[in-house]
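# Architecture and fold: a report
Single-letter residue listing:
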Amino acid sequence: MNTITAAITAVGGYVPDFVLSNKVLETMVDTNDEWITTRTGIKERRILKDADKGTSYLAIQAAQDLIAKANIDPLEIDMVIMATATPDMMVASTGVYVATEIGAVNAFAYDLQAACSSFLYGMSTAAAYVQSGRYKKVLLIGADKMSSIVDYTDRATCIIFGDGAGAVLFEPNYEGLGLQDEYLRSDGVGRDFLKIPAGGSLIPASEDTVKNRQHNIMQDGKTVFKYAVTNMADASELILQRNNLTNQDVDWLVPHQANKRIIDATAGRLELEESKVLVNIERYGNTTSGTLPLVLSDFENQFKKGDNIILAAFGGGFTWGSIYLKWAYDKK
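Rules used in this analysis
Numbering of residues starts from 1 in every chain and runs along the sequence as written. Note on the predicted model: pLDDT of at least 70 is required for a residue's local features to be given, and 80 or more for side-chain atom pairs to be given and counted; whole-chain, interface and lining totals, by contrast, use all residues. Just so you know, side-chain values use all the structure's heavy atoms and leave hydrogens and water out. UniProt positions are given in the numbering used here, feature names are shortened, and annotations may be inferred rather than shown by experiment. Segments assigned H or I by DSSP are reported as helices when at least four residues long, segments assigned E as strands when at least two residues long, and all are numbered from the N terminus. A pair of strands is labelled paired if DSSP reports no fewer than 2 bridges between them. Lines are fitted to the C-alpha atoms to define the axes, a helix being fitted only along its stretch in contact, and any angle between axes, read from their N-to-C directions, falls within 0 to 180 degrees. For every residue, the accessible area obtained with a 1.4 Å probe (protein chains only) is divided by the maximum for its type, and the residue is called buried under 20%, exposed over 50%, and partly exposed between those limits. Every residue pair with non-hydrogen atoms within 4.5 Å of one another is taken to be in contact. Pairing of aromatic rings covers Phe, Tyr and the six-membered ring of Trp, with a centre-to-centre limit of 6.5 Å; geometry is then stacked below 30 degrees between planes, edge-to-face above 60, and tilted otherwise. A ring is considered to have a charge above it if a Lys NZ or an Arg CZ atom is located within 6 Å of its centre and within 35 degrees of its normal.

Within an unreviewed UniProt entry, the label attached to the chain reads Beta-ketoacyl-[acyl-carrier-protein] synthase III, and the organism entered is Flavobacterium johnsoniae. The record held by UniProt for the chain lists under Sequence similarities (unreviewed entry) the comment "Belongs to the thiolase-like superfamily. FabH family." As its UniProt record puts it under Catalytic activity (unreviewed entry), the chain is described as follows: "malonyl-[ACP] + acetyl-CoA + H(+) = 3-oxobutanoyl-[ACP] + CO2 + CoA".

Quick look at the structure:
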């Protein structure tokens, strides 16, 4: 029996139409385009303005884009993993609703939450299901409506985040392509540095929590930046060493799009030339669970079968890691 590996066979993506540029942000908070661009690399981000649409809308659009491009029958999808930090609501899984809405009625679904590392962790999970031989088509979606939890009077966070979604399909591969190795880690020391304080079981919603803006994302930027730079770079370097890869062997680095300086630091540690580092942060900002699949979707046409791709992410909690993937197809 041939060894099964789990490979990405299709990708899709979606961002809302409304563009929130740095120039517009200058009219909302005390900031300016030069300051934002210099420190983050972000020029604009997309915002889902419809008050009656949540993260599920973004996820459905990305999944439908994948289904249409790859001509996939949704009835053949075995499971749906929804990577998100902004579910539509508590208890009722967003992934379950998305699966039904896209016609994947034969699939089971659930949500996976690891902040900005959600999609990376989801890749590990999806690949494991496929490699077990139990499931043949696993749809992994990364989506977040970050505008729903951002305080647009807080100039430290409102400049960073945007809304967006991406999706990938994992299927069995018998050529040795797909997910090759992973290094995933977490550390609860990060709990206090990047969080939404209220709304959970620890501090339930109340009039005071709303009044005090405790349902918005808060972060200690300097601490998060320090941990992110170190851990994303360390994880990526370890993956290369463990698989006897040099910087010449790496075709592409797909980093979480949180901050251009973090991306540059990770690429610098790996001594990768700029042309191998895939970046779209200037257009979307940080879409949290959506960053990695949106990069894959945006640059799909450049990937060639057999390309060595290193993915890396860092998120609240703290969560982080790196995955080594061999691309499985040429875009038709």
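What follows deals with the UniProt feature "domain: Beta-ketoacyl-[acyl-carrier-protein] synthase III C-terminal" (unreviewed entry) in the chain. According to UniProt, the feature "domain: Beta-ketoacyl-[acyl-carrier-protein] synthase III C-terminal" (unreviewed entry) maps to residues 240–327 in the numbering used here. With 28% helix and 23% strand, residues 240–327 has end C-alpha atoms that lie 16 Å from one another.

This part takes up unusual backbone geometry. With an omega of -5°, the peptide bond running from Gly-317 to Phe-318 counts as cis. Along the polypeptide, Phe-318 turns up in the loop between strand E12 (308–315) and strand E13 (319–326). The phi dihedral of Arg-213 falls on the positive side, at around 55°, and the residue is not glycine. Within the fold, Arg-213 resides in the loop between helix H7 (207–211) and strand E10 (218–219).

To continue, consider the sheet that holds strand E6 (residues 138–145). Spatial ordering of the open sheet is given by E1-E7-E6-E4-E5, a layout of five strands whose pairing is mixed. The sheet is open, and its two borders are formed by strand E1 (5–14) and strand E5 (108–112), each paired with just one other strand. Between one strand axis and the next, the sheet turns through 20° on average, direction left out of account. By the bridge criterion, five bridges tie strand E4 (residues 79–83) to E5 in an arrangement that is parallel.

As annotated by UniProt and renumbered to match this structure, "active site" (unreviewed entry) occupies Cys-116, His-256 and Asn-286. Maximum C-alpha separation among the annotated residues is 8.8 Å over a sequence range of 171 residues, consistent with a single clustered spot. With respect to the secondary-structure elements, Cys-116 resides in the loop between E5 and helix H5 (118–131). Of the residues examined, Cys-116 reaches a relative accessible area of 8% and is grouped as buried. Beyond its immediate sequence surroundings of up to four residues, Cys-116 is in contact with His-256, Asn-286, Thr-288, Ala-313, Phe-314, Gly-315 and Gly-316. Looking at where Asn-286 falls in the secondary structure, it is placed in the loop between helix H10 (281–284) and helix H11 (291–298). Taking relative accessible area as the criterion, Asn-286 reaches 4% and is therefore assigned buried.

Right, let's talk about H11 for a bit. The element H11 is extensively covered by neighbouring structure, given that seven of its eight residues are classed as buried. Among the residues of H11, those classed as buried are Thr-291, Leu-292, Pro-293, Leu-294, Val-295, Leu-296 and Ser-297.

Our focus in this paragraph is the pairing of E12. With eight of eight residues buried, E12 is to be regarded as a mostly interior element. Neither face of E12 is open: one carries Asn-308, Ile-310, Ala-312 and Phe-314, the other Ile-309, Leu-311, Ala-313 and Gly-315, and all of them are buried. Sheet topology places strand E11 (residues 252–255) next to E12; four bridges connect them, and they run parallel. Bridging across to E12, Pro-255 finds its partner in Ala-312. The pairing of E12 with E13 spans eight bridges and is classified as antiparallel. In the sheet register, Ile-310 faces E13, and the bridge partner there is Tyr-324.

For the coordinates displayed, the defined rule picks out 12 aromatic pairs. Plain terms: the ring middles of Tyr-129 and Tyr-135 are 5.7 Å apart, the flat faces sit at 65° to each other, and that makes the pair edge-to-face. Over the ring of Phe-225 we find Arg-261; its NZ or CZ atom is 4.7 Å from the centre of that ring.

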